[in-house]
Number of protein chains: 2
Amino acid sequence: VNQAQTPGATSLAPESVLAALEAREADDLAALRHFVSIPSVSTEPSHAPDVRRAATYLSERLRSAGLHEVEIVDTPGHPVVLAAWRGQPSAPTILVYGHYDVQPPDPVDAWHSPPFEVTERGGRLYARGISDDKAPLSIALDTVAAYLQVSGALPLNVVFVFEGEEEVGSPNLPALLDARREQLAADLVVSADGGMWLPDHPTTIRSARGLASLELRVSAATKDLHSGRHGGGLANPLHAIASMIASLHDAAGRVAVEGFYEGVRPIPAALAQTTRELPFDDAAYLAETGAPATVGEVGFSTLERQWYRPTLELNGLWGGYTGAGSKTVLPHEAHAKISCRLVDDQDPERVLDAIERHLQRVCPPGVRLDVARGVNGARAYVVADDHPGLQAVQASLRATYGVEPWLVGMGGSVPICAAFKRVLACDTVFFSFAVGDEDIHAPNEFFRLRRWREGRRAWADLVARLPGALAHG
Amino acid sequence: VNQAQTPGATSLAPESVLAALEAREADDLAALRHFVSIPSVSTEPSHAPDVRRAATYLSERLRSAGLHEVEIVDTPGHPVVLAAWRGQPSAPTILVYGHYDVQPPDPVDAWHSPPFEVTERGGRLYARGISDDKAPLSIALDTVAAYLQVSGALPLNVVFVFEGEEEVGSPNLPALLDARREQLAADLVVSADGGMWLPDHPTTIRSARGLASLELRVSAATKDLHSGRHGGGLANPLHAIASMIASLHDAAGRVAVEGFYEGVRPIPAALAQTTRELPFDDAAYLAETGAPATVGEVGFSTLERQWYRPTLELNGLWGGYTGAGSKTVLPHEAHAKISCRLVDDQDPERVLDAIERHLQRVCPPGVRLDVARGVNGARAYVVADDHPGLQAVQASLRATYGVEPWLVGMGGSVPICAAFKRVLACDTVFFSFAVGDEDIHAPNEFFRLRRWREGRRAWADLVARLPGALAHG
């Protein structure tokens, strides 16, 4: 890091806090290892006790870090962990958001080391949930702990909100925010969930796509039938679902659902220009993913399609005999899971209305269609380029890395941003040190040890920088 | 049964044999119960010892029935059980075919009684494999045993060929027929596999559809990816496979694969007429299956589509996340199992060539396609209306039931008919007392106890009738 390269790149982090963070490294890493060993898979009901165990562990870490008001708040789903430090009545308050739940580790066979045991290989820490979001969350917590350890105080007030249902769409967080709106009042949400675009250059997120999902079931007979006796006489639900799915996109890769693009705006020229200048290479991306070609909506670059255009994507599809060898059945039902990433002003419910109308319209004769909507709908989120919080985040990255951070879009979704805005009237900035290539939601998820150290220094700077930034904002 | 209703309906079965069959009922049923209790699932390698156990048991039954040349012949797959009685050098020889392997019982939860334990309810015997093909096979064996018990002789020569791989497409039977062609030489194959169309009227099968199958895999990236980060940038194999599958049929329900219909002839006018006169009611069929509508190739009746027209049918389709709840992955591969029922002169390999060409042609950009052909290819089989074997079978049904049997098609496949014709130059007639509604290949397979008794009387008649019929034919 050569801070001299970039003007205004002087870190505001107190030397004593940086020293404390270095001294705490082994202990904090041990704590992270334990945190990750708890399989807090929120999508699987059988793991509910593990999710609660992770919440309990987190509350203990917050308490021992010197936070007050530490509380495990029950919800109809998994609990939310709250904590606060309010020792600077005249300074601004930030709400630090993160989540302690994780995706399922499936397919477990594809992991090179046990998913719920941190394994270090080549400067990377491998484990389910370490990148999304246990290490980024821990970075924020450890940095605050270091401040309190050194001086017993922070330069601003902090409220922590760590939820256990991010991976299932945060169904209960908005109601909790509403119920605790006075307690959780803040000037800015700093999300420890999110992540950077590249491993070798700091980036800041200007937007995140929204989400809307549904599941469909197509059925014909009441049971699987012999494909010899019955084949040709009745509709095959697998054919039916295939034709319905095929109808969802046109030849140009656009979503062919009437009304789907309602609320989508053209990509601003300046943003398109910035995005074009980013160092993205389709060939390198294909080498990374192993796919034979980039494919998608005609007329947009790969990055534009992944960040600034909506998608309609199948996440799962199944029906009939899927075991080894052959079984000559005429299956009686077929299933598909669909999720959409949304941009700009797309409304999740209206998007689902449009898809459902489309599916009903194209459903062929001889089958029945049932649609179930997901509970994880969320609008897209965008933060203005001149927002003082965003400016502070960029300054902290500049101070930590000595280079100018790039402004990027986020293809994924952080549904609670919209809730923070609606309920707490509070904007969100992302300040995570995860990187987008870390195989979150896939086997062999990892987090870079280097980024863990950089993130702690950057958080120390941000905590020092925000009081001034928000006061002038 | 009122034999006076139908001219020429006098049974040729010796009274002594019919009496012996009645006296043997309890013992033969007990034997059937034991036979069915052996889970001889040929499609699952873990059941290989059970398949062999069933072969051993069958060989013991044949030996105790008085058959000679009883042998368990090993193959690269499951064994074939052979036996013979050759006490009438001047009389014709029939080859009795059946199979002792069964389909998997999955889904086991859907069974109302244990699949490998015969449970009698309302005149029906429930168990996996009892209709397909353990009871029909046992009927033939028990009837021959009754003849030998009564007089120590049969009026013709019999060779039994009971295989253990019918449910996996009889991959090793043709080679065995070839290796033993002198030993297995016969004037007619009588198949105890097949089945009648209706429970309340005797029917005879004039044709069986052929079979050709393949499995496809469509892949993009080397692993599942996060649908937020990557969605919109790469092809989704589930969309790709859906569009490929949707392209396999046109709006009129015809297979839209160029060359697929090569070798398919128009349904003869007389056969169409006979078929139209059969008591088939779409509404009753829908009530039986629970499907909302009959669907298929435009311009043909349901029976025509199921018996005399080819199909291309998905048996399985899967990819991505198929568990409970949601998982926002961009799946990296998708799979489908396809099987076709063939008619007339369709050649299985040419049909698969055509499908593979079609799939390669419609495979969208951004994915890779791999196709694996099934080993169970078989041409359709048709027996001429005036064939002496078919005439004898119809006469035996007339004598047993006192009504004129109907000539019907079989939607399913008995791939070995083509092998019997090719290797042994021998035609096949079907003489099974299973009925097509008995949920073979599905949960709660059953066989009618009444048909078991009728089948034994009919077989006693056929054994007595065939020497004359084949001599005059």
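Our subject is the structure listed above.
These numbers were taken from a predicted model, which means no experiment stands behind them.

What follows concerns the relation of the copies chain A and chain B. Expressed as a screw transformation, the operator carrying chain A onto chain B has a rotation angle of 180° and an axial translation of 0.2 Å, and the superposed copies differ by an RMSD of 0.3 Å. Within this description, the copies of the chain are treated as partners about a two-fold rotation axis. Mapped onto chain B, 100% of the interface residues of chain A are again interface residues, and the two copies thus contact each other with one and the same surface.

Evaluated as defined, the whole model comprises 64 salt bridges over all chains. For the salt bridge of D28 of chain A with R24 of chain A, the shortest nitrogen-to-oxygen distance reads 3.1 Å. Among the residues examined, D28 of chain A registers a relative accessible area of 5% and is labelled buried. Overall, the relative accessible area of 18% leaves R24 of chain A in the buried class. One salt bridge in this structure joins R254 of chain B and E297 of chain B, with 3.6 Å as the shortest N-O distance. On the criterion of sequence distance, the pair formed by R254 of chain B in the loop between α7 (237–246) and α8 (269–277) and E297 of chain B in the loop between α9 (282–289) and α10 (302–307) is long-range, its members being 43 residues apart. Shared partners join several salt bridges into a network, and the residues in it are R24, D28, R61, D142 and R456 of chain A.

What follows covers the interface of chain A and chain B. Across the contact, 84 residues belong to chain A and 84 residues belong to chain B. Between chain A and chain B the total buried area reaches about 6700 Å² when both faces are included, carbon and sulfur atoms providing 52% of it. Considering only the side of chain A, the residues that lose the most area to chain B are R229, L317 and K327 of chain A, jointly responsible for 10% of the buried surface there. In this assembly, chain A and chain B are joined by 4 salt bridges.

Another point: the pairing of strand β16 (residues 406–410) of chain A. Residues and elements named next belong to chain A. Among the 5 residues in β16, 4 count as buried, and that is most of the element. Of the pairings in the sheet, the one linking strand β8 (residues 203–208) to β16 comprises 5 bridges and is parallel in character. Residue pairing for β16: A208 is matched across the bridge by M410.

Here the focus is the environment of P115 of chain B. Residue and element names in this part refer to chain B. Topologically, P115 is positioned in the loop between β3 (93–99) and β4 (119–121). Sequence separation between P115 and N444 is 329 residues, and the spatial gap between their C-alpha atoms is 7.2 Å. Beyond its immediate sequence surroundings of up to four residues, P115 is in contact with P105, A127 and R128.

Turning our attention to the environment of R456 of chain B. Residue and element names in this part refer to chain B. Along the chain, R456 falls in helix α14 (residues 449–472). Considering only alpha carbons, one finds R456 and V383, 73 residues apart in sequence, at a separation of 24 Å. In contact with R456, other than residues within four places in its own chain, are L21, R24, E25, D28, I139, D142 and T143. Among the polar contacts made by the side chain of R456, one reaches the side chain of D28 at a distance of 2.9 Å.

Under the defined criterion, the tally for this structure stands at 0 disulfides over all chains. There is no disulfide at C426 of chain A, and the cysteine sulfur nearest it, in C417 of chain A, is 10 Å away.

Okay, the sheet that holds strand β6 (residues 157–163) of chain A next. Residues and elements named next belong to chain A. Reading across the sheet, the 6 strands line up as β1-β2-β6-β3-β7-β17 and stay open at both edges, with mixed pairing between neighbours. Looking along the sheet, the strands with just one partner apiece sit at the ends: β1 (68–73) and β17 (428–430). Across this sheet, the average inter-strand angle for adjacent strands is 20°, counted without regard to direction. Pairing geometry for β1 and strand β2 (residues 80–85), over 4 bridges, is antiparallel. Across the sheet, the residue bridging to H68 is A84, located in β2. Each of β1, β2 and β6 touches helix α3 (residues 48–65); the most contacted strand, β1, lies at about 180° to it. Packing against the sheet, helix α13 (residues 416–424) makes contact with β3 (93–99), β6, β7 (188–191) and β17, and its axis sits at approximately 150° to β3.

Moving on to helix α8 (residues 269–277) of chain A. All names here are of chain A. Burial in α8 covers these residues: L271, A272 and T275. Seen end-on, α8 carries its buried residues on one side only, within an arc spanning 100°. Of the exposed residues in α8, those oriented more than 90 degrees away from the buried face are A269, A270, R276 and E277. Buried-residue contacts for α8 involve β8 and α10 (302–307).

Another point: the sheet that holds strand β5 (residues 124–126) of chain B. The strands making up a sheet associate through backbone hydrogen bonding, with each pair oriented either parallel or antiparallel. Residue and element names in this part refer to chain B. The 3 strands lie next to each other as β4-β5-β18, forming an open sheet whose pairing is antiparallel. Strands with a single pairing partner mark the edges of an open sheet, and in this sheet they are β4 and β18 (446–448). Taken pair by pair, the neighbouring strands of this sheet meet at an average axis angle of 30°, ignoring direction. In terms of strand pairing, β5 meets β18 through 3 bridges, oriented antiparallel. Directly across from Y126, in β18, lies its bridge partner F446.

Time to look at the packing of aromatic side chains. Residue and element names in this part refer to chain B. If you walk through the whole model with that rule in mind, you get 22 aromatic pairs over all chains. Pairing W307 with Y308 gives two aromatic rings, centres 5.9 Å apart and planes at 75°, and the pair type is edge-to-face. With respect to class, W307 is no different from Y308; both count as buried. Taking 5.1 Å as the distance between ring centres and 85° as the angle between the ring planes, the aromatic pair formed by F431 and F433 counts as edge-to-face.

We now examine the packing of helix α2 (residues 25–37) of chain A against α3 of chain A. All names here are of chain A. At a minimum axis distance of 9 Å, the contact between α2 and α3 shows a crossing angle of 160°. Relative to α3, α2 is oriented roughly antiparallel. When you trace α2 past α3, the crossing you get is left-handed. Together, A31, H34 and F35 of α2 and A54, Y57, L58 and R61 of α3 make up the contact between the two elements.

Residues and elements named next belong to chain B. Running from N to C, helix α2 (residues 25–37) and helix α4 (residues 130–151) cross one another at 145°; their axes reach a closest spacing of 11 Å. Once α2 is placed against α4, the crossing between them reads as right-handed. Residues D28, L32, F35 and V36 of α2 form the contact with α4, whose participating residues are I130, K134, A135, L137, S138 and D142. Tallied by class, the residues present in the contact of α2 with α4 amount to 6 nonpolar, 1 polar and 3 charged.

A separate point is the environment of A395 of chain B. All names here are of chain B. In this fold, A395 is placed in helix α12 (residues 388–401). Exposure remark for A395: the relative accessible area of 10% places this residue in the buried category. The spacing of A395 and A9 is 386 residues in sequence and 7.1 Å in space, taken between C-alpha atoms.

Parameters at a glance
- Residues numbered from 1 in each chain as written.
- Chains lettered and ligands numbered in written order.
- Predicted model: local features only at pLDDT ≥ 70, side-chain atom pairs only at ≥ 80, totals over all residues.
- Heavy atoms only, no water.
- Least-squares fit on C-alpha atoms with pLDDT ≥ 70 in both.
- Contact = heavy atoms within 4.5 Å.
- Salt bridge = Lys/Arg side-chain N within 4 Å of Asp/Glu carboxyl O.
- Buried < 20%, exposed > 50% of the residue type's maximum accessible area, 1.4 Å probe, protein only.
- Helix = DSSP H or I, 4+ residues; strand = E, 2+ residues; numbered from the N terminus.
- Buried area = accessible area lost by both parts, 1.4 Å probe.
- Pairing = 2+ DSSP bridges.
- Polar contact = N/O pair within 3.5 Å; in protein donor to acceptor, adjacent residues only side chain to side chain.
- Disulfide = S-S within 2.5 Å.
- Axes fitted to C-alpha atoms, helices over the stretch in contact; angles between N-to-C directions.
- Arc of directions from axis to C-beta.
- Phe/Tyr/Trp six-rings, centres within 6.5 Å; stacked < 30°, edge-to-face > 60°.
- Parallel < 35°, antiparallel > 145°, perpendicular 65-115°, else oblique.
- Left-handed = near helix turned anticlockwise from the far one by under 90°.
- Nonpolar A, V, L, I, M, F, W, Y, C, P; charged D, E, K, R; others polar.

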